[in-house]
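If you want the building blocks of each chain, they are given just below.
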Amino acid sequence: MSDLLKRTPLEAAHVELGAKLVPFAGWYMPVQYTAILDEHSAVRNKAGVFDISHMGQFLVSGEGSLEWLNKMLANNVAKLGIGEGQYTFLLNESGGVIDDLIIYRTGADDFFLVVNASMIDEDLAWFLQHKPESVELRNESEAWAGMAVQGPESSAVFAAVCPGETLPPRNGISKTADGSIVCRTGYTGEDGFEFFSSAESGGDYLKKFVAAGAKPCGLGCRDSLRLEMCYPLNGNDLSPERTPIEAGLGFFVDMEKGDFIGRETLAKQKAEGPATKLVALMYTDKGAPPRAHYTVLSTDGEEIGELSSGVHSPSLGTGIGLAYLPSVYSKLGTEVRIDVRGRQFPAKVVKKPFYKPTTKA
Amino acid sequence: MNVPADLRFNTSHEWVRLEGDIATVGISDHAQEELTDVVFVELPAVGRAVDAGDPTAVVESVKAASDIYAPIGGEVVEVNPEVEADPSLVNTDPYGKGWIFKLKVKSASDVEGLLSPEAYIAQIS
């Protein structure tokens with residue numbers, strides 16, 4: 001079994017730092033170092049570092065790259081100045097989400113894309129199927145190690161590890177003297193950066209970030225951190241059957257920029273209002289931690305959907321989750337029930353995000 | 001590793017303390033360390049009859065929900081309301097305040113079939 005799992009270039013460094021590595025989405029990754037609550041709190045209050053080497057990196061370049069990417073992606077690539085990044089979606093013909101990703105512009109016709117680990121092959125196939133000859137697309141996922149350093153003290157960690165270098169502004173991208181890529185982005189809601197180095201130097205960087213004060217964190221708390229922010233997880237909260245409009249992420253779709261794959265469905269949903277919406281649910285009392293696939297019921301006991309994600313929020317000390325519900329149940333304050341092993345816990349629809357970070361770049 | 005000498009253990013990491021015909025059940029220090037932060041404990045109904053191996057309680061961490069099995073057969077006569085109010089007791093005091101339920105056992109000799117502390121240490125080492 002473990003032979004089939006992909007290995008992170010940081011594995012030796014993880015073991016040295018005391019991680020518990022387990023199979024995770026086809027990868028052998030640390031899910032926790034010590035405990036999820038500790039690691040979660042380190043990111044919210046100080047700084048933590050995650051291995052994100054499993055994520056994919058594509059480089060797009062060549063004449064017509066911008067125009068082509070603007071047809072492939074839902075957000076407006078033309079709005080990016082050189083050195084800037086944006087969150088966007090790769091959609092299928094019916095507007096469903098193939099993947100959510102961040103695209104950075106590194107030159108007039110040069111782009112750096114960071115995609116989800118589990119979607120590298122599928123994204124690549126979709127891009128190549130539509131790609132004109134003049135545009136070059138390279139999958140560099142194997143070549144890069146990735147680390148996300150996140151938390152209010154992340155800038156200090158960066159200054160200690162990369163003296164003389166400057167962090168790019170929020171959502172920006174820059175390159176260090178040794179060719180590493182630094183992106184001022186993340187998946188936790190806190191200030192922080194994502195750092196991509198050569199696979200060979202990844203382990204050294206991980207140890208340097210830890211020595212500079214970032215607590216090594218597993219992917220377990222990355223999930224609780226992102227869910228507190230209502231950041232969607234592809235495969236859970238996003239799928240080829242759901243559009244960004246239903247997911248409440250229309251802000252990252254530009255309907256004015258001209259045609260793009262999936263636009264027709266999105267325009268219709270925008271005009272008519274989507275039939276279902278991804279809502280944020282929070283327990284109104286103590287209860288068993290909500291988890292993905294638990295049934296959501298109306299107060300009348302009717303099944304109205306299921307959780308796409310759920311967790312015991314370490315910051316709030318209560319159960320939180322996301323669910324696609326018929327729009328009639330999407331109004332803030334709407335009361336619902338979440339079924340956990342036959343027991344029903346009351347919850348209500350709340351405003352996104354669940355948690356507001358105290359610091360932000 | 002904390003494995004008290006006066007307890008018996010289940011291969012699925014529950015401990016048992018037998019006093020007369022009452023067996024107190026909790027999870028081992030090793031189990032709480034593996035599960036990490038316990039954030040919820042689901043207790044069984046008092047009066048429920050269980051057989052050895054029946055899922056009887058649920059302990060949940062941020063990461064996952066884990067069934068707690070009855071190490072021996074009996075009737076649930078008491079549950080620990082303190083772990084319901086403060087689930088972290090399972091982490092901080094697994095053999096004391098973190099106990100989960102008490103069984104009135106059918107046959108006290110059933111305990112003999114459970115692991116001795118030495119055998120349990122061998123299992124988790």
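Quick caveat: nothing in here was measured; it's all calculated off a predicted structure.

Right, let's get into the interface of chain B and chain A. Taken together, the eight residues of chain B in the interface contact eleven residues of chain A. The element best represented in the side of chain B that touches chain A is strand S4 (residues 38-42) of chain B, accounting for three residues. In terms of residue class, the side of chain B that touches chain A is made up of three nonpolar, one polar and four charged.

Of all residues in chain B, 100% attain a pLDDT of 70 or more, and the chain-wide mean is 96. For this predicted complex, the interface score ipTM comes out at 0.84, alongside a pTM of 0.93.

Here we take up the sheet that holds strand S5 (residues 56-61) of chain A. All names here are of chain A. With respect to topology, five strands assemble into an open sheet ordered S6-S7-S8-S5-S9, the strand pairing being antiparallel. Both outer strands of the open sheet, strand S6 (85-91) and strand S9 (136-139), are each paired with one neighbouring strand and no more. Going across the sheet, the axis of each strand differs from the next one's by a mean of 25 degrees, ignoring polarity. Bridge analysis of S6 against strand S7 (residues 97-107) gives seven bridges, and the strand direction is antiparallel. What sits directly across from Thr88, in S7, is Leu101. The strands that helix H3 (residues 65-72) touches are S5, S6, S7 and strand S8 (110-115); relative to S5, the one it contacts most, it runs at about 130 degrees.

Bringing the packing of helix H2 (residues 36-45) of chain A against helix H7 (residues 219-228) of chain A into the picture now. Residues and elements named next belong to chain A. Contact geometry for H2 and H7: axes closest at 9 Å, N-to-C directions at 55 degrees. Classified by the angle between their axes, H2 and H7 sit oblique to one another. Regarding H2 and H7, the two cross each other, and that crossing is right-handed. In this structure, H2 uses Ile36, Glu39, His40 and Val43 to contact H7, whose residues at the interface are Gly220, Cys221, Ser224 and Leu225.

This next bit is on helix H6 (residues 202-211) of chain A. Residue and element names in this part refer to chain A. Restricting attention to buried positions, one finds in H6 the residues Gly202, Gly203, Tyr205, Leu206, Phe209 and Val210. Take H6 and look down its axis: the buried residues cluster within an arc of 160 degrees, on one side only. At its buried positions, H6 is contacted by helix H1 (11-17), strand S4 (48-51), strand S10 (144-150), helix H5 (154-161), strand S13 (192-198) and strand S14 (215-217).

This part takes up the nonpolar core. Residues and elements named next belong to chain A. Counting residues in each nonpolar core, the largest one holds 130 residues, and the members touching the most others are Val49, Met147, Val149 and Phe209. Of the residues forming this core, the biggest block, six residues, is contributed by S7. Inspection of this core shows a minimum of three residues originating in each of domain 1 (2-55 + 142-228) and domain 2 (56-115). In contact with Phe209, not counting residues within four places along its chain, are Val49, Met147, Val149, Val157, Val161 and Ala214.

Rules behind the numbers
- Residues numbered from 1 in each chain as written.
- Chains lettered and ligands numbered in written order.
- Predicted model: local features only at pLDDT ≥ 70, side-chain atom pairs only at ≥ 80, totals over all residues.
- Contact = placed C-beta atoms within 7 Å.
- Helix = DSSP H or I, 4+ residues; strand = E, 2+ residues; numbered from the N terminus.
- Nonpolar A, V, L, I, M, F, W, Y, C, P; charged D, E, K, R; others polar.
- pLDDT = per-residue confidence, 0-100.
- Pairing = 2+ DSSP bridges.
- Axes fitted to C-alpha atoms, helices over the stretch in contact; angles between N-to-C directions.
- Parallel < 35°, antiparallel > 145°, perpendicular 65-115°, else oblique.
- Left-handed = near helix turned anticlockwise from the far one by under 90°.
- Buried ≥ 20, exposed ≤ 12 C-beta atoms within 10 Å, placed from the backbone.
- Arc of directions from axis to C-beta.
- Core = buried A, V, L, I, M, F, W, Y, C linked by C-beta atoms within 7 Å.
- Domains from an automatic or database assignment.

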